[in-house]
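Chain and residue survey
This is what each chain is made of:
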Amino acid sequence: MSASLRSHWGLDPQVRFLNHGSYGACPTAVLQKQSELRARMEAEPVRFLHREIEPLLDEARGVLADFLDADTEDVSFVTNATSGVTTVLRSLRFQPGDELLTTDHEYNASRNALDFVAEHGGAKVVVAKLPWPVTSAQSIVDTVLAHVTPRTRLFLVDHVSSQTALVMPLSKLVSELRARGVETLVDGAHGPGQVPLSLRSLGAGYYTGNCHKWLCAPKGAAFLHVRRDLQQGLTPLAVSHGRNSPRTDRSRYRLLFDWTGTHDPSAMLCVPEALRVVGGLLPGGWPEVMAANRSKALAARALLCERLKVTPACPEDMVGSMAVVTLPPGYPLEPEAPLYLDPLHLRLFDEHRIEVPIVAWPRPPERHVRVSAQLYNTPDEYAALADALEALLR
């Protein structure tokens, strides 16, 4: 079935693409929809961007909000999750003595944004070093809570960590921290479409997620969800006409975030089509898509652990549609390649046509291979990866 499903994507047939997690991959039907929207925009740009865009964005945002189980008025489109994280951090005001809590698994770009605002406000970044390997989700909760003090103002956490592919115990973390007066900013770059998500039930102060990864929308589509009581004072990275708009038919949050300057909104407007196309590939819709991908990721992890003679780094209940496997020592370290690509990553691609990331975490020489599982992937691709790793590591 996976081989037939691959026909919905325009992926290079000569490459075993096991890295959906980095940038996603957009189905051809969704890209066709984007082309139609772009043609419509360029046929009459003023009509499209001045008179038609607002109801189009409202409709797309409504479909996305339903998928996320959120109120439409609390969701805004942004270009990527990094922009969403930075938007929240740049809007908040911190004072000397404030503590901003995160973990050592936090995505580098988001950690950089946290360090930046801390430096400018005189705040302190506190890093909770999580146990690794992980024995239980509760051990993560206990470690984070042990770092909370009366000075903790905010907790920044990945929903699914990029380096280690851990599905964090988000609901427990959010509720426990909120009970202590600490709001949570969730970097959900990998969350939507990989794991079930109800923003209404989660109750996080801030959640930003990508639509171009596991939802398979075009690049440039992401969202920021802000709880209603925290929206006042939140400002987009680009301040535009909404700041002094006299309109009263829309919330200030809407007026600020819906128009931040001229850009191509077609990726955002394609989110409903991506949800429809990918959700329609299996009879059970999105719940079956996520379950099928998770099952495939667990099987890939089991195969690689067996072939490489290593043990899983976390329990199965902390695995979504990605999994990391610790690499045994043996492959020589070389000078860092361009774009931070591990030499082993490059050899897997150049010699075996396998696209998969090698993650140097927490620091070299410790390394992991991170496999993604999407509908188009097949068991033989993971077997080919195991063969290649055995040969290269030997």
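Residues numbered from 1 in each chain as written. Predicted model: local features only at pLDDT ≥ 70, side-chain atom pairs only at ≥ 80, totals over all residues. Heavy atoms only, no water.

Quick word on the overall build of the protein chain
Along the backbone of the protein chain there are 15 helices and 12 strands. A globule of 394 residues ought to have a C-alpha radius of gyration of about 21 Å, and the protein chain, at 21 Å, matches this closely. The principal-axis extents of the C-alpha atoms in the protein chain amount to approximately 70 × 55 × 40 Å. Pairs at least 24 apart in sequence give 70% of the contacts found in the protein chain among residues at least 6 apart. With an accessible surface of roughly 17,100 Å², the protein chain has 53% of that area assigned to carbon and sulfur atoms. (Helix = DSSP H or I, 4+ residues; strand = E, 2+ residues; numbered from the N terminus. Rg over C-alpha atoms; globule rule 2.2 N^0.38 Å. Contact = heavy atoms within 4.5 Å. Areas by Shrake-Rupley, 256 points an atom, 1.4 Å probe, with all protein chains shown as cover.)

Brief notes about the sheet that holds strand β6 (residues 183-188)
Read across the sheet, seven strands follow the order β2-β8-β7-β6-β5-β3-β4 without closing on themselves; strand pairing throughout is mixed. The two strands at the open ends of the sheet, each matched to only one other strand, are β2 (75-78) and β4 (124-128). On average, each strand axis in the sheet is inclined to that of its neighbour by 20 degrees, with strand direction left out of account. Pairing analysis gives three bridges linking strand β3 (residues 99-103) to strand β5 (residues 152-158), with the strands arranged parallel. From the neighbouring strand, Leu100 faces β5, where its bridge partner is Leu154. Packed on one face of the sheet, helix α8 (residues 170-179) meets β5, β6 and β7 (206-210) and runs near 155 degrees to β6. (Pairing = 2+ DSSP bridges. Axes fitted to C-alpha atoms, helices over the stretch in contact; angles between N-to-C directions.)

Focus: the sheet that holds strand β11 (residues 358-359)
Spatial strand order, β9-β12-β11: three strands in an open sheet with antiparallel pairing. Among the strands making up the open sheet, the edge pair consists of β9 (322-326) and β11. For β11 and strand β12 (residues 368-372), the ladder comprises two bridges, and the chain directions are antiparallel. Within β12, the position partnered with Ile358 by the bridge is Val369.

Some thoughts on the nonpolar core
Leu64, Leu348, Val369, Val371, Leu385 and Leu389 are the most contacted members of the largest nonpolar core, which has 98 residues in total. When sequence neighbours within four positions are dropped, the list of residues in contact with Val371 reads Leu18, Ala300, Leu304, Ser321, Met322, Ala323, Val356, Tyr382 and Leu385. (Core = buried A, V, L, I, M, F, W, Y, C linked by side-chain atoms within 4.5 Å. Buried < 20%, exposed > 50% of the residue type's maximum accessible area, 1.4 Å probe, protein only.)

Things to note about the side chain of Ser91
Examined against the element boundaries, Ser91 turns out to sit in helix α5 (residues 81-91). Reaching out from Ser91, the side chain makes a polar contact with the backbone oxygen of Thr87 at a distance of 2.8 Å. In this structure Ser91 touches Gly233, Leu234 and Thr235, once residues within four positions along its chain are discounted. (Polar contact = N/O pair within 3.5 Å; in protein donor to acceptor, adjacent residues only side chain to side chain.)

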